[in-house]
2 protein chains.
Amino acid sequence: MAAKLSIRIDLESGERIGPGKIRLMELIAATGSISAAGRAMGMSYRRAWLLVDSLNRAFGVPLVETQQGGASGGGAKLTDLGREVINRYHAIEAEAEDATLRHLGDLLDGD
Amino acid sequence: MAAKLSIRIDLESGERIGPGKIRLMELIAATGSISAAGRAMGMSYRRAWLLVDSLNRAFGVPLVETQQGGASGGGAKLTDLGREVINRYHAIEAEAEDATLRHLGDLLDGD
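Residues numbered from 1 in each chain as written. Chains lettered and ligands numbered in written order. Predicted model: local features only at pLDDT ≥ 70, side-chain atom pairs only at ≥ 80, totals over all residues. Heavy atoms only, no water.

Explain the relation of the copies chain B and chain A to me, using residue names and the numbers behind them.
With an axial shift of 0.0 Å and an RMSD of 0.0 Å, the rotation relating chain B to chain A amounts to 180 degrees. Look at the turn and shift together and you get a two-fold axis relating the two. A share of 100% of the interface residues of chain B reappears at the interface of chain A, consistent with the copies meeting face to face through the same patch. (Least-squares fit on C-alpha atoms with pLDDT ≥ 70 in both. Contact = heavy atoms within 4.5 Å.)

Summarise the interface of chain B and chain A; cite the residues concerned and give the values.
Listed by partner, the interface residues are 33 residues for chain B and 33 residues for chain A. Linking chain B to chain A there are twelve residue pairs in polar contact (both at pLDDT 80 or more). When residues of the side of chain B that touches chain A are traced back to their parent elements, those giving at least two are β1 (3-11) and α4 (80-109) of chain B. Here the element with the most residues in the side of chain B that touches chain A is α4(B); it accounts for 16 residues. The pairing of strand β1 (residues 3-11) of chain A with β1(B) spans nine bridges and is classified as antiparallel. Residue pairing in the sheet places A:I7 in a bridge with B:I7 of β1(B). (Polar contact = N/O pair within 3.5 Å; in protein donor to acceptor, adjacent residues only side chain to side chain. Helix = DSSP H or I, 4+ residues; strand = E, 2+ residues; numbered from the N terminus. Pairing = 2+ DSSP bridges.)

I'd like a description of the side chain of A:S6, backed by residues and values.
On the secondary structure map, A:S6 appears in strand β1. When its relative accessible area of 7% is taken as the criterion, A:S6 is described as buried. Not counting residues within four places of it along the chain, the set of residues in contact with A:S6 comprises A:P19, B:S6, B:I7, B:R8, B:D10 and B:R16. (Buried < 20%, exposed > 50% of the residue type's maximum accessible area, 1.4 Å probe, protein only.)

Explain the packing of helix α1 (residues 19-31) of chain A against helix α4 (residues 80-109) of chain A residue by residue, including any values.
Residue and element names in this part refer to chain A. Put simply, α1 and α4 touch, their axes get as near as 10 Å, and they point 135 degrees apart. In terms of orientation, α1 and α4 fall into the oblique class. α1 and α4 meet at a crossing whose hand is left-handed. Two secondary-structure elements touch here, α1 through P19, I22, M25 and E26 and α4 through G82, V85, I86, Y89 and H90. Considered class by class, the residues forming the contact of α1 with α4 number six nonpolar, two polar and one charged. (Axes fitted to C-alpha atoms, helices over the stretch in contact; angles between N-to-C directions. Parallel < 35°, antiparallel > 145°, perpendicular 65-115°, else oblique. Left-handed = near helix turned anticlockwise from the far one by under 90°. Nonpolar A, V, L, I, M, F, W, Y, C, P; charged D, E, K, R; others polar.)

Laid out in structure tokens, this is it:
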């Protein structure tokens, strides 16, 4: 049986990380812009900023770094920790998906 | 770092199982009643029934069994598969929580 997982992690800081914020970070990495990333997910500029603000408070160290002004009119990129959080999130997802497929398999085999 | 996980599983059937439906099943097991279980979660009778209906379509075999009428005026209980789904869900949760704590630990140690 195929199954798709969504994992949300409630951190000690009170912030929460789930598939939406991870996708937003991936799109910020790809586009170099918080507004472009938000747009790609169909969300307002304000909403995207609020999510980035939450991400930057999650670990007490920023995950997304913004550059003000400059030739390109500013932009955004992930910090090393931001990239690491994405990798770890996907690793957690992969392990949980393995567990899910194993348990669902057992369940439906009647073990 | 402490972290709390929520896991949602999208099944092949199109149904979705997450912490709310699992909690509802646990309360049905404890109270013997869909309406009492729903009430304990602050949801309407209709909402609780819709969730039970979704649960019973998730695997093509019922997870919750209802008894009509009788001395007690009807009631509900979990099927063997229903109990097994709860156990497997918590096992998946425990494995994913282990993975999360491990990865968060590595992350914050700078590994």
